[in-house]
Number of protein chains: 2
Amino acid sequence: MSPMSVPAPGQEAAQAASGQGPQPVFTEIDHVAIAVNDLPAAIDYYRETFGAVVDHREVVESDGVEEALLKVAESYIQLLTPTREDSPVAKYLERKGEGLHHIGYRVADCAAALEQVTSQGFRAIDAAPRPGSRGTTVAFLHPKDAFGTLIELVQE
Amino acid sequence: MSPMSVPAPGQEAAQAASGQGPQPVFTEIDHVAIAVNDLPAAIDYYRETFGAVVDHREVVESDGVEEALLKVAESYIQLLTPTREDSPVAKYLERKGEGLHHIGYRVADCAAALEQVTSQGFRAIDAAPRPGSRGTTVAFLHPKDAFGTLIELVQE
């Protein structure tokens, strides 16, 4: 069966244009984070299968993770593995197994974006922006208020 | 604690340059797909909180989903909801709840990319490319061979 198009409502765009809803906050999908048990094996898989190579690698002690960033256009695939047993990513792997962990959206101003979220009554995990990897400033939002998705706001 | 940099190995880039591993296959993160129970509510959330508005909306009968695409730079947030009980996305929501469902990578040639994957012994869900939404040609790979991630290859 071929896909069946439904007329776009147009309503959303009109509302945004008329001032309902803020100006666009996300400037780019910064990264898609994937939790894996074996980081070198995952790096090999992406290189050998898709020619996607490591652009940056970093241990983020505060989060208890080691990450490898593979660049795709202006975005990254972020392969994540825990560096200690009490890391949130270790707990995630234990509970849910390997796979998509969170999505990072690039924003111009992390503090302003975070304020916009919390001012609407949505919870954040980080009360204030904090350092992320590769010199970024980041804040995580609460997945329970974001339709099950762990969202990270990333300011370069 | 601040992030601690680890020297990038450089090995991967050198290997790719020297011909180990293919040329880059992914040209863009095409979309990040998020499974939700209430599509209109999720659309409202992204518009009101982040100013991300619907660019395209479509029912894909063959997949049993309705999707709304919100554009972020050259990528999309794809909000997905099932249109029938036997849809794979319905089963996913029942089993795992709302959240990140799959990632779509844009490729120049879906058939060639799929062949590259399967020629290395990795399984695909789609034996051959097929129509996706907004006139694309797509193929899904098997998550068990991709570190738990459901990957879609998307040719525009």
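Structure's up top.
Because the structure is a prediction, the values reported are computed rather than measured.

## Here's the deal with the pattern of salt bridges
Consideration 1: Enumeration over the complete set of coordinates arrives at 22 salt bridges over all chains.
Consideration 2: Linking Asp 63 of chain A and Arg 130 of chain A is a salt bridge whose minimum nitrogen-to-oxygen distance equals 3.3 Å. Pair noted here: Asp 63 of chain A is in the loop between β3 (54-60) and β4 (65-72) and Arg 130 of chain A is in strand β7 (residues 130-131), with a separation of 67 residues, a long-range link.
Consideration 3: One salt bridge connects Asp 145 of chain B with Arg 123 of chain B, and the closest N-O pair in it is separated by 2.9 Å. Of this pair, Asp 145 of chain B sits in the loop between β8 (137-140) and β9 (151-155) while Arg 123 of chain B sits in the loop between α4 (110-119) and β7 (130-131), placing them 22 residues apart in sequence.
Consideration 4: The class for Asp 145 of chain B is buried, based on a relative accessible area of 17%.

## Some details on α4 of chain B
Consideration 1: Of the positions making up α4 of chain B, those classed as buried are Cys 110, Ala 113, Leu 114 and Val 117 of chain B. Viewed end-on, α4 of chain B has its buried residues packed into an arc of 100°, placing them on one side of the element. Exposed and facing more than 90 degrees away from the buried side of α4 of chain B are Glu 115 and Ser 119 of chain B.
Consideration 2: Buried residues along α4 of chain B sit in contact with α2 (39-50) of chain A together with β6 (99-107), β8 and β9 of chain B.

## Quick look at the pairing of β8 of chain B
All names here are of chain B.
Consideration 1: Bridge count for β7 against β8 is two bridges, and the pairing is antiparallel. Paired with Arg 130 across the bridge in β8 is Val 138.
Consideration 2: Between β7 and β8, which pair antiparallel in sequence order, lie five residues; one of them, Arg 134, sits at a positive phi of approximately 40°.
Consideration 3: Pairing of β8 with β9, which is carried by four bridges, proceeds in the antiparallel orientation. Among the inter-strand pairings, Ala 139 is bridged to a residue of β9, identified as Leu 153.

Reading guide: rules and limits
Residues numbered from 1 in each chain as written. Chains lettered and ligands numbered in written order. Predicted model: local features only at pLDDT ≥ 70, side-chain atom pairs only at ≥ 80, totals over all residues. Heavy atoms only, no water. Salt bridge = Lys/Arg side-chain N within 4 Å of Asp/Glu carboxyl O. Helix = DSSP H or I, 4+ residues; strand = E, 2+ residues; numbered from the N terminus. Buried < 20%, exposed > 50% of the residue type's maximum accessible area, 1.4 Å probe, protein only. Arc of directions from axis to C-beta. Contact = heavy atoms within 4.5 Å. Pairing = 2+ DSSP bridges.

In short, the description is geometric, and any link to function would need to be established separately.
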